[in-house]
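# Understanding the architecture of this molecule
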Amino acid sequence: MYLRTANTDELDSIYEMGFDVWSDGLSKDEYLSCCRNSGKYSKGTWYVLVEKEQVVSALIVYSGTFGLQEGSFGLGSVATPPKLRHKGYASKLVNLVKAELFAHQNGKVLYLHSDIDQQFYKRLGFVSIEGSDCMYIASDDAEFKGSIPDYF
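Residues numbered from 1 in each chain as written. Predicted model: local features only at pLDDT ≥ 70, side-chain atom pairs only at ≥ 80, totals over all residues. Heavy atoms only, no water.

### Quick word on the overall build of the chain
A count of helices and strands for the chain gives 5 helices and 7 strands. For the chain, the sequential pattern of α-helices and β-strands runs β-α-α-α-β-β-β-α-β-α-β-β. Computed over its C-alpha atoms, the radius of gyration of the chain comes to 15 Å, within 12% of the 15 Å expected for a compact globule of 152 residues. The principal-axis extent of the C-alpha atoms belonging to the chain is close to 40 × 30 × 25 Å. Of the contacts formed within the chain by residues at least 6 apart in sequence, a portion of 54% connects residues at least 24 apart. Carbon and sulfur atoms form 46% of the exposed surface of the chain, whose accessible area is close to 8500 Å². Taking the average place of the 15 positive charges on the side chains of the chain and the average place of its 20 negative ones, the gap between the two points comes to 5 Å. (Helix = DSSP H or I, 4+ residues; strand = E, 2+ residues; numbered from the N terminus. Rg over C-alpha atoms; globule rule 2.2 N^0.38 Å. Contact = heavy atoms within 4.5 Å. Areas by Shrake-Rupley, 256 points an atom, 1.4 Å probe, with all protein chains shown as cover. Lys, Arg positive; Asp, Glu negative; His and termini not counted. Charge placed at Lys NZ, Arg CZ, Asp CG, Glu CD.)

Okay, structure coming up:
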């Protein structure tokens, strides 16, 4: 298994990973069109976890936008295809991205907004910010100080 940035031709299949959770009643074509035209998605970098040359999980990373200060990153849209869920792929992906951002991109803190399952992220070391759906993890285990970044 390894981590890499996503290729442009993989984006539709990445978007489809979250269709069952985020489609909000749209047809698959409508949902994909929204994803392709998303201003939010155009601001980030997609990362994928690959096993046996198959993308098994994906997420997007933001920096320098949504109120993220220097040294901070936002993680979003963590998804795994429905048939591959509960096999540890998303956990592995988040941990690899966390290691990459802290070790090689001068990351100090990672944020995410979890409106689905905070327990999943707590198991990965993220801490809830009281009064919000935002969670964080700091490279030095520092406590949260400052303002919560915008929802991404």
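Back to the write-up after that little detour.
### A few points about the pattern of salt bridges
A complete count under the given rule lists 3 salt bridges for this structure. As a salt-bridge pair, Arg4 and Glu10 come within 2.6 Å of each other at their nearest N and O atoms. The class of Arg4 is partly exposed, set by a relative accessible area of 23%. Judged by its relative accessible area of 13%, Glu10 is buried. A salt bridge links Arg85 to Asp20; the nearest nitrogen and oxygen atoms lie 2.7 Å apart. In this pair, Arg85 is assigned in the loop between strand S4 (72–79) and helix H4 (89–104) and Asp20 in helix H2 (residues 19–22), connecting sequence segments 65 residues apart. Residue classification places Asp20 among the partly exposed residues on the basis of a relative accessible area of 47%. (Salt bridge = Lys/Arg side-chain N within 4 Å of Asp/Glu carboxyl O. Buried < 20%, exposed > 50% of the residue type's maximum accessible area, 1.4 Å probe, protein only.)

### Looking at the nonpolar core
Counting residues in hydrophobic clusters, the biggest one holds 25 residues, and the most contacted among them are Ile14, Tyr15, Tyr41, Trp46, Tyr62 and Tyr111. Mapped onto this core, the elements with two or more residues apiece are helix H1 (11–17), helix H3 (28–36), strand S2 (45–51), strand S3 (54–62), strand S5 (109–113) and strand S7 (134–138). One finds Tyr47, Leu59, Phe73 and Phe120 within the second-largest nonpolar core, a separate group that totals 23 residues. (Core = buried A, V, L, I, M, F, W, Y, C linked by side-chain atoms within 4.5 Å.)

### Notes on the pairing of S7
Remark: a regular strand shows side chains that alternate across the two faces of the sheet. Most of S7 sits inside the fold, with 5 of its 5 residues counted as buried. A two-sided burial pattern is seen for S7, the buried positions comprising Cys134, Tyr136 and Ala138 on one face and Met135 and Ile137 on the other. Summarising the sheet, S5 and S7 pair through 5 bridges and their orientation is antiparallel. Looking at the pairing, Leu112 lines up with Met135 of S7. With 2 bridges connecting them, strand S6 (residues 127–128) and S7 associate as antiparallel partners. Across the sheet, Ser128 pairs through a bridge with Met135, a residue of S7. Counting the residues between successive antiparallel strands, the hairpin from S6 to S7 contains 5 residues, one of them, Gly131, with a positive phi of roughly 80°. (Pairing = 2+ DSSP bridges.)

### With respect to the sheet that holds S2
Ordered by their spatial adjacency, 7 strands build an open sheet running S1-S2-S3-S4-S5-S7-S6, and the pairing between neighbours is mixed. The sheet is open, and its two edges are formed by strand S1 (2–5) and S6, each paired on a single side. Strand direction decides the pairing type here: S1 and S2, joined by 4 bridges, are antiparallel. When the sheet's bridge partners are listed, Arg4 is paired in S2 with Val48. H4 rests against S1, S2, S3, S4, S5 and S7 of the sheet, and its axis sits at about 45° to S3. (Axes fitted to C-alpha atoms, helices over the stretch in contact; angles between N-to-C directions.)

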